[in-house]
Amino acid sequence: MLRKGSIFHVTLPARSSEHTQQGRRYAVVVTATSFIGSVVTVAPTSTSARASLTRPEAEIDGRKCRILLEQMLAVDIAKLTQWVGILEDDELDALDDALRLYHGLL
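As the structure is a computational prediction, the values presented were derived from the model and not from experiment. (Residues numbered from 1 in each chain as written. Predicted model: local features only at pLDDT ≥ 70, side-chain atom pairs only at ≥ 80, totals over all residues. Heavy atoms only, no water.)

Participant: Give me helix H1 (residues 89-102): which residues, what numbers.
Facilitator: For H1, spanning 14 residues, the distance from its first C-alpha to its last is 20 Å, which sits close to the expected 20 Å at 1.5 Å a residue. Phi turns positive one or two residues past the end of H1, at Gly 104, with a value near 70°. (Helix = DSSP H or I, 4+ residues; strand = E, 2+ residues; numbered from the N terminus. Expected span 1.5 Å × (residues − 1).)

Take a look at the structure:
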């Protein structure tokens, strides 16, 4: 199921920065459903990232993690083949709040 809040296993490319997520991890779709085309925006997750108002927390496969909005990236939907689940309603609300704050819409 591809909609905002969907969780996938993804493999992120290696980057030059030590602070960007890379390799195999969970990513959350942050693109609004009505705008989904052939590319969606996802945000990687981390189990060790520090808390922040722009890093909403979610439980994925029984582990607490933070959704790293500052590292959002575009992904071809053809690469999103390993669906894991979808955020709970309260997690999706927290994601929406954090997205508004991150983009200065509050």
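Participant: Residue-level account of the pattern of salt bridges, with values.
Facilitator: Scanning the entire structure with this criterion turns up six salt bridges. Here Lys 4 and Asp 96 are joined by a salt bridge, their closest N and O atoms 2.4 Å apart. With a gap of 92 residues between them, Lys 4 in the segment before strand E1 (6-12) and Asp 96 in helix H1 connect regions that are remote in the sequence. Note that Asp 97 is salt-bridged to Arg 100, the shortest N-O span being 2.6 Å. With Asp 97 and Arg 100 both in helix H1, this residue pair falls three residues apart, about one helical turn. Under the relative-accessibility criterion, Asp 97 is labelled partly exposed at 42%. Assessed through its relative accessible area of 34%, Arg 100 is described here as partly exposed. Overlapping salt bridges, with partners in common, bring together Glu 57, Glu 59, Lys 64 and Arg 66 in one network. (Salt bridge = Lys/Arg side-chain N within 4 Å of Asp/Glu carboxyl O. Buried < 20%, exposed > 50% of the residue type's maximum accessible area, 1.4 Å probe, protein only.)

Participant: Any details on the side chain of Thr 54? Residues and values, ideally.
Facilitator: Locating Thr 54 in the fold gives a position in the loop between strand E3 (39-46) and strand E4 (57-60). Sequence-distant contacts of Thr 54, defined by excluding residues within four places in its chain, comprise Ile 67, Leu 69, Glu 70, Ala 98, Leu 101 and Tyr 102. (Contact = heavy atoms within 4.5 Å.)

Participant: Describe in detail the side chain of Thr 45, supporting the description with residues and values.
Facilitator: By the secondary structure assignment, Thr 45 is in strand E3. Judged by its relative accessible area of 3%, Thr 45 falls in the buried class. One polar contact links the side chain of Thr 45 to the main-chain carbonyl oxygen of Tyr 26, over a distance of 3.1 Å. (Polar contact = N/O pair within 3.5 Å; in protein donor to acceptor, adjacent residues only side chain to side chain.)

Participant: Explain the nonpolar core to me, using residue names and the numbers behind them.
Facilitator: Counting 14 residues, the largest nonpolar core has Ile 67, Leu 69, Leu 87 and Leu 95 as its most contacted members. Contributing elements (two or more residues each) for this core: strand E2 (23-29), E4, strand E5 (63-67) and H1. When residues in this core are grouped by element, the largest group, three residues, is from H1. Apart from residues lying up to four places away in sequence, Ile 67 is in contact with Val 28, Ala 43, Pro 44, Thr 45, Thr 54, Arg 55, Pro 56, Ala 58, Leu 87 and Leu 95. Within the second largest apolar cluster, ten residues are counted, among which are Phe 8, Val 29, Leu 73 and Val 75. (Core = buried A, V, L, I, M, F, W, Y, C linked by side-chain atoms within 4.5 Å.)

Participant: For a negative patch on the surface, give the residues involved together with the corresponding values.
Facilitator: Together, Glu 88, Asp 89, Asp 90 and Asp 93 make up a region of like negative charge exposed at the surface. Among the structural elements, Asp 90 can be located in helix H1. (Patch = residues over 30% accessible without salt bridge, like charges linked within 9 Å, V, L, I, M, F, W, Y side chains within 5 Å. Areas by Shrake-Rupley, 256 points an atom, 1.4 Å probe, with all protein chains shown as cover. Lys, Arg positive; Asp, Glu negative; His and termini not counted. Charge placed at Lys NZ, Arg CZ, Asp CG, Glu CD.)

Participant: Break down the environment of Ser 46 for me, with residues and values.
Facilitator: Along the polypeptide, Ser 46 turns up in strand E3. From its side chain, Ser 46 meets the backbone nitrogen of Ser 48 in a polar contact 3.1 Å long. Only 3.1 Å separates the side chain of Ser 46 from the backbone nitrogen of Ala 49, close enough to count as a polar contact.

Shape is all these values report; function is a separate question.
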